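Inside the fold
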Amino acid sequence: MSKRIIFHVDVNNAFLSWTAVDKLKSGEKLDIRKIPAVIGGLKEERKGIVLAKSMPAKIKGVVTAETLLSARKKCPDLKIYPPTFSVYKEYSDAMHKILCEYSPLVERYSIDECFLDMTGTERLHGDLENLAYTIKDRIYNELGFTVNVGIGNSKLCAKMASDFSKPNKVHTLYDNEIKEKMWPLPISELFMSGKKTTEKLKQIDINTIGNLANADLNMITRKFKKLGYMLYEYANGIDDSPVISEREAYKGIGNSVTLPIDLTEETQILDVLQDLAVQVSERLRKENVLASVIVVQLKNSNFKSYSHQKKLEYGINSVNDIYFVAKNLFYKMWKEDPIRLVGLRTTDFVENKFEQMSIFNPPSIKENNKVQKLIDEINSKYNSKVIDKASLLNRNKKY
Ligand SMILES: [Mg+2]
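Reference entry: report on the structure contained in this document.

1. Quick notes on the packing of helix H4 (residues 85-99) against helix H6 (residues 128-143)
Running from N to C, H4 and H6 point in directions that differ by 140°, and their axes come no closer than 11 Å. Taken together, the axes of H4 and H6 are oblique relative to one another. In this structure, the crossing between H4 and H6 has a hand that is right-handed. Here H4 contributes Tyr91, Ala94, Met95, Ile98 and Leu99 to the contact with H6, which in turn contributes Ile135, Arg138, Ile139, Glu142 and Leu143. In terms of residue class, the contact of H4 with H6 is made up of eight nonpolar, no polar and two charged.

In structure tokens:
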């Protein structure tokens, strides 16, 4: 399989840049990026903290998250501006809109960061590194603020790359560059390695990302449990998580059937629900995601619609698991009225790796997913349903 190409677009110093750009746009002459300035909230200066700082403020020693009071001591001529989230949302939306022109798969990771899955778009765009420069410059020319673009074969590597040096830069961290570009970095730079974890890792002499990548995995998971496993994978550049576009994440994956007749029997409705579970689980596995919220919707013969949902502690995507949850929801909600529409929807996707590592999952669920994946592989090889659930085969279609 060819490697994925992922972009991570990250606004440089977002809050301060966006406030600066907005002030210039509304006619102010002063660019607050060029004077000692911070974004800090809120009305009460005493309690407010620094959310973002300009370069001149940084040079005077102002750091993010310190109190405005202490920042002012370091820098008496400091200008303080309140955050304006409505303005930030506008710039964030404008950037997202531009990015959506380059890929159908754009994930808004935070207000100032997006992932783009660019895999297979070379024929459309030509050289993708050149494209990254084009996107970066276009955002600057049209919207007035700078971004970094990181390019990698996974979301993790793209994100690490966009952090290399700032501002207004394009960096790559392909799988074959991990050793040279990522392993020498201090362990504190690794994504998801927080302050506490970093300290603990240093205590066992893991000081660089390379140290962790080459450490004994058993020892790491013994000491750090599933976080350790994840960080070990990250240190080795392993991250299969998909780029999930906003539309998909929001709407989820689901399907519904409007029936030609009213269904009044429990078994009839469950048959429909099981069919939907088959379709939905196939789509989830095709997208390589696990859903942690399952929603069942019913509409009765008077067109009154009602739905019930369950939030799970873990993600699922096998037919058995989805049908099991959906069936229980159905039992809880059905008022024994005649049903005209049955819907099944899944949302709140989680990454595959969390599911694999979860120690809270009943083992049957993990096994189910494995079996299901195998069945999918066999069926797709023979291009038909060679293997299916016995209950689906023998069932009488009553609708
Ligand atoms: Mg940023």
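2. Digging into the nonpolar core
Within the largest apolar cluster, 39 residues are counted, with the highest numbers of intra-cluster contacts made by Phe7, Met95, Leu99, Leu116, Ile139 and Phe145. Secondary-structure elements contributing two or more residues to this core are strand E1 (6-11), helix H1 (14-25), strand E2 (37-40), H4, strand E6 (113-117), H6 and strand E7 (147-152). Other than its neighbours up to four places away in sequence, Met95 contacts Val9, Val11, Asp112, Cys114, Ile139, Leu143, Phe145 and Val147. Formed by 34 residues, the second largest nonpolar core is a distinct cluster that contains Ala291, Leu298, Ile322 and Val325.

3. Digging into the coordination of the magnesium ion
Distances from the magnesium ion to its protein donors, Asp10 (OD), Val11 (O) and Asp112 (OD), fall within 2.1 to 2.5 Å. Binding-site remark: the magnesium ion is held by donors from one chain whose sequence spacing is D-V-x100-D. Taken together, the positions of Asp10 in strand E1 and Asp112 in the loop between strand E5 (106-110) and E6 put the pair 102 residues apart, joining distant regions of the chain.

4. Let's talk about the packing of aromatic side chains
If you walk through the whole model with that rule in mind, you get ten aromatic pairs. Seen from their ring centres, Phe330 and Trp334 are 5.3 Å apart, and the 25° between their planes marks the pair as stacked. With respect to burial, Phe330 and Trp334 carry one shared label: buried. Three or more aromatic residues joined by ring pairs make a cluster, and in this case those are Phe15, Trp18, Phe85, Tyr88, Tyr91 and Phe145. Directly above the ring of Phe115 sits Lys155, whose terminal nitrogen or CZ lies 5.2 Å from the centroid. Here the basic side chain of Lys335 rests over the ring of Tyr306, its NZ or CZ set 3.4 Å away from the ring centre.

5. Topic: the sheet that holds strand E8 (residues 170-173)
Read from one edge to the other, the open sheet built from five strands follows the order E5-E6-E1-E7-E8, with strand pairing classed as mixed. Either end of the sheet is taken by a strand with one partner, and the two such strands are E5 and E8. Recorded for the sheet is a direction-independent mean angle of 20° between the axes of neighbouring strands. As defined by bridge partners, E1 adjoins E6 across five bridges and the pair is classed as antiparallel.

6. What to know about helix H13 (residues 266-286)
Compared with the 30 Å implied by 1.5 Å per residue over 21 residues, the 30 Å span of H13 between its first and last C-alpha is a close match. Across the 21 residues of H13, 15 count as buried, placing the element largely inside the fold. Positive backbone phi, approximately 60°, marks Asn288, located one or two places after H13.

7. Points about the packing of H13 against helix H14 (residues 319-333)
Between H13 and H14, whose axes approach to 9 Å, the crossing angle comes to 140°. It follows from the interaxial angle that H13 and H14 lie oblique. Every pair of crossing elements has a handedness; the one defined by H13 and H14 is right-handed. Each of Glu266, Ile269, Leu270, Leu273, Gln274, Ala277, Val278, Ser281, Leu284 and Arg285 in H13 lies in contact with H14, whose residues at this interface are Val319, Ile322, Tyr323, Ala326, Lys327, Phe330 and Tyr331. Tallied by class, the residues present in the contact of H13 with H14 amount to twelve nonpolar, two polar and three charged.

8. A short note on unusual backbone geometry
Residue Pro167 is reached from Lys166 by a cis peptide bond, and omega for that bond is -5°. Note on placement: Pro167 falls in the loop between helix H7 (155-162) and E8. Positive phi is not limited to glycine here, since Ala65 has a value of about 80°. Relative to the helices and strands, Ala65 resides in the loop between helix H2 (55-59) and helix H3 (68-74). For Ala65, a relative accessible area of 52% gives the class exposed.

9. Regarding the pairing of strand E10 (residues 290-300)
For E10, the tally of buried residues reaches nine of eleven residues, placing the bulk of the element in the interior. Where E10 meets strand E12 (residues 339-350), ten bridges bridge the pair, whose relative direction is antiparallel. Counted as the bridge partner of Lys299 is Leu341 from E12. Two elements, E10 and strand E11 (residues 305-316), share eight bridges in a ladder whose sense is antiparallel. Across the sheet, Ile294 pairs through a bridge with Lys310, a residue of E11. The turn linking E10 back onto E11 is made up of four residues, and Phe303 within it adopts a positive phi angle of 65°.

10. What about the side chain of Glu66?
Assignment of secondary structure puts Glu66 in the loop between H2 and H3. Reaching out from Glu66, the side chain makes a polar contact with the side chain of Lys74 at a distance of 3.0 Å. When near neighbours in sequence (up to four residues on either side) are disregarded, Glu66 contacts Gly48, Ile49, Val50, Gly61, Ala71 and Lys74.

11. Let's talk about the sheet that holds E10
Taken in spatial order, the four strands make up an open sheet running E9-E12-E10-E11, and their pairing is antiparallel. The open sheet is flanked by strand E9 (253-263) and E11, the only strands paired with a single partner. Averaged over neighbouring strand pairs, the angle between their axes works out to 15° when direction is ignored. Set on the sheet, H13 makes contact with E9, E10, E11 and E12; between it and E9 the angle comes to about 160°. Against the sheet, H14 makes contact with E10, E11 and E12, and its axis sits at roughly 145° relative to E11, the strand it touches most.

Criteria and cut-off values
Residues numbered from 1 in each chain as written. Predicted model: local features only at pLDDT ≥ 70, side-chain atom pairs only at ≥ 80, totals over all residues. Heavy atoms only, no water. Axes fitted to C-alpha atoms, helices over the stretch in contact; angles between N-to-C directions. Helix = DSSP H or I, 4+ residues; strand = E, 2+ residues; numbered from the N terminus. Parallel < 35°, antiparallel > 145°, perpendicular 65-115°, else oblique. Left-handed = near helix turned anticlockwise from the far one by under 90°. Contact = heavy atoms within 4.5 Å. Nonpolar A, V, L, I, M, F, W, Y, C, P; charged D, E, K, R; others polar. Core = buried A, V, L, I, M, F, W, Y, C linked by side-chain atoms within 4.5 Å. Buried < 20%, exposed > 50% of the residue type's maximum accessible area, 1.4 Å probe, protein only. Donors = N, O, S within 2.8 Å, 3.2 Å for Na, K, Ca; no water. Phe/Tyr/Trp six-rings, centres within 6.5 Å; stacked < 30°, edge-to-face > 60°. Lys NZ or Arg CZ within 6 Å of the ring centre and 35° of its normal. Pairing = 2+ DSSP bridges. Expected span 1.5 Å × (residues − 1). Polar contact = N/O pair within 3.5 Å; in protein donor to acceptor, adjacent residues only side chain to side chain.

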